[in-house]
Amino acid sequence: MGFPDGNEQGKYLALDMGGTNLRVCEITLTEKKSEFDIIQSKYKMPEELKVGNSDELWEYIADCLQQFIETHHKDDNHLPLGFTFSYPATQNFIDHGILQRWTKGFDIDGVEGKDVVPMFLNAVAKRNVPIKLAALINDTTGTLIASAYTDPTMRIGCIFGTGCNAAYMEDCGSIPKLADMNLPPDTLMGINCEWGAFDNEHVVLPRTPYDITIDKESPRPDQQAFEKMIAGLYLGEIFRLVLVDLHEDKDVRIFENQDIKALRKAYTLDASFLSAIEEDPWENLQETADIFKTKLNLDITPAELELIRRLAELVGTRAARLSACGVAAICKKKGYKSCHVGADGSVFNKYPHFKARGAVALREILDWGVKKPGEKDPVEILAAEDGSGVGAALIAALTLKRVKEGNLAGIQHPDNYK
Ligand code: GLC
């Protein structure tokens, strides 16, 4: 509820359970306005934990947290923790969150439909890890708040990474499902849009046969329709499916008379493979030819190389332009004529031309006319502060401050904040 003003202070822990890594951070919001110090450890999220039994997931998370605290934080002080749980959750309170459904390829039993906070806290309690949970947040709300800490013109937080999503601030008076909280109508509330689920009904966006295959083969068919066209988890797979199809199409027959065994393996190409193709600086696309040889054992003709480059451009451009539609939709809904948008995630930070393509699309949708030399875009998508770390710490800080002031709206267990 509400933006930070830059004067938040104190020491906090942040736990980030993203799609690829698990990260634990200790964040100090310093006395200097809008500044912070951070120490952090990253742990790879083992693939086998993304499926199967949920106990193993919580045990692993609690182990990582314990390890971090033993190394970095020897005193017994229970630090407040912000838990960035970046999946769709129904949150009636900030210290609560019922997982609606797994996204980003996760498929763990026994968590959907349940509050994840007690599951996490049980595993933590077994190890006597000295923390107190202050807030469960989404990476997009974290990104919004972390970016607003250093830039007061930030209005939207986005993630373009393994998944794709955004958050913005809404007035409580415009949120029908919060009517029974009786909050003043102009109170601000962070909204996690979960726009990855946009058009799950498939009535708006045209889908290619490749999009349909990706959806069908995923652990949650009919979910995350928009995300499956944009997010880093899927870009390489879309590209791979097209190549296999063009190999089999008797009018095209790329890679003719070659064994495409390696290319047939699902999810064998990730977004960094596409990035490398789009980044190939050579006229003869030599680097592209090299990675096809090393990764897929394929020899590529010059004409095929051109086709491959164009295909990568199409997949990357569609993703960037659809992403811009999401940002434009929020701007239109809120009437934002000019603002900053904070964005994070591997696709935003690493995929070539993603930012420029998104900016061109935003200009078209929001009708800014032809760009004059040196002119700044009214709505700019900029690299965000670390939302899942600093954002989680800030939201923990803001929540603690509210509890201290006696404002218990949206707090399930006020005693835990003492
Ligand atoms: C997926 C999740 C969403 C998250 C996004 C980016 O869309 O459902 O909660 O914000 O990925 O990580």
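For the structure itself, consult the block above.
The model shown is predicted, which means the values in this text are computed figures rather than measured ones. (Residues numbered from 1 in each chain as written. Predicted model: local features only at pLDDT ≥ 70, side-chain atom pairs only at ≥ 80, totals over all residues. Heavy atoms only, no water.)

1. Focus on the sheet that holds strand E14 (residues 379–383)
- Read from one edge to the other, the open sheet built from five strands follows the order E12-E11-E10-E13-E14, with strand pairing classed as mixed. One side of each edge strand has no neighbouring strand; the edge strands of this open sheet are strand E12 (188–192) and E14. With direction set aside, neighbouring strand axes in the sheet form an average angle of 25°.
- Pairing geometry for strand E13 (residues 339–344) and E14, over five bridges, is parallel. The partner of Cys 339 across the bridge, within E14, is Val 379.
- Sheet strands in contact with helix H3 (residues 139–150) are strand E10 (154–160), strand E11 (164–171), E12 and E13, and its direction is about 135° off that of E10. (Pairing = 2+ DSSP bridges. Helix = DSSP H or I, 4+ residues; strand = E, 2+ residues; numbered from the N terminus. Axes fitted to C-alpha atoms, helices over the stretch in contact; angles between N-to-C directions. Contact = heavy atoms within 4.5 Å.)

2. Remarks on the site of the ligand
- Not every one of the 15 residues close to the ligand is listed here, only the nearest: Thr 103, Asn 138, Asp 139, Glu 194 and Glu 227.
- Take Thr 103: an N or O atom from its side chain is 2.9 Å from an oxygen atom of the ligand.
- The separation between an oxygen atom of the ligand and a polar side-chain atom of Glu 227 is 2.4 Å.
- Across the complex, the protein chains shield 98% of the 310 Å² of accessible surface that the ligand would expose by itself.
- Contributing elements (two or more residues each) for the shell around the ligand: H3 and E11. (Near = heavy atom within 4 Å. Polar contact = N/O pair within 3.5 Å; in protein donor to acceptor, adjacent residues only side chain to side chain. Areas by Shrake-Rupley, 256 points an atom, 1.4 Å probe, with all protein chains shown as cover.)

3. Section: the nonpolar core
- Counting residues in hydrophobic clusters, the biggest one holds 64 residues, and the most contacted among them are Phe 239, Phe 255 and Phe 292.
- Aside from chain neighbours lying at most four places away, what touches Phe 239 is Leu 269, Phe 273, Leu 274, Ile 277, Phe 292, Ile 308, Leu 311 and Ala 312.
- By size, the runner-up hydrophobic cluster in this structure holds 35 residues, among which are Met 17, Leu 22, Trp 58 and Leu 65. (Core = buried A, V, L, I, M, F, W, Y, C linked by side-chain atoms within 4.5 Å. Buried < 20%, exposed > 50% of the residue type's maximum accessible area, 1.4 Å probe, protein only.)

4. Remarks on the environment of Ile 156
- Examined against the element boundaries, Ile 156 turns out to sit in strand E10.
- Ile 156 gets classed as buried once you look at its relative accessible area, which sits at 0%.
- Residues Ile 156 and Val 244, 88 residues apart in the sequence, show an inter-C-alpha distance of 38 Å.
- The contacts of Ile 156, once residues within four sequence positions are left out, are Leu 144, Ala 166, Ala 167, Tyr 168, Val 327, Ile 330, Cys 331, His 340, Val 341 and Gly 342.

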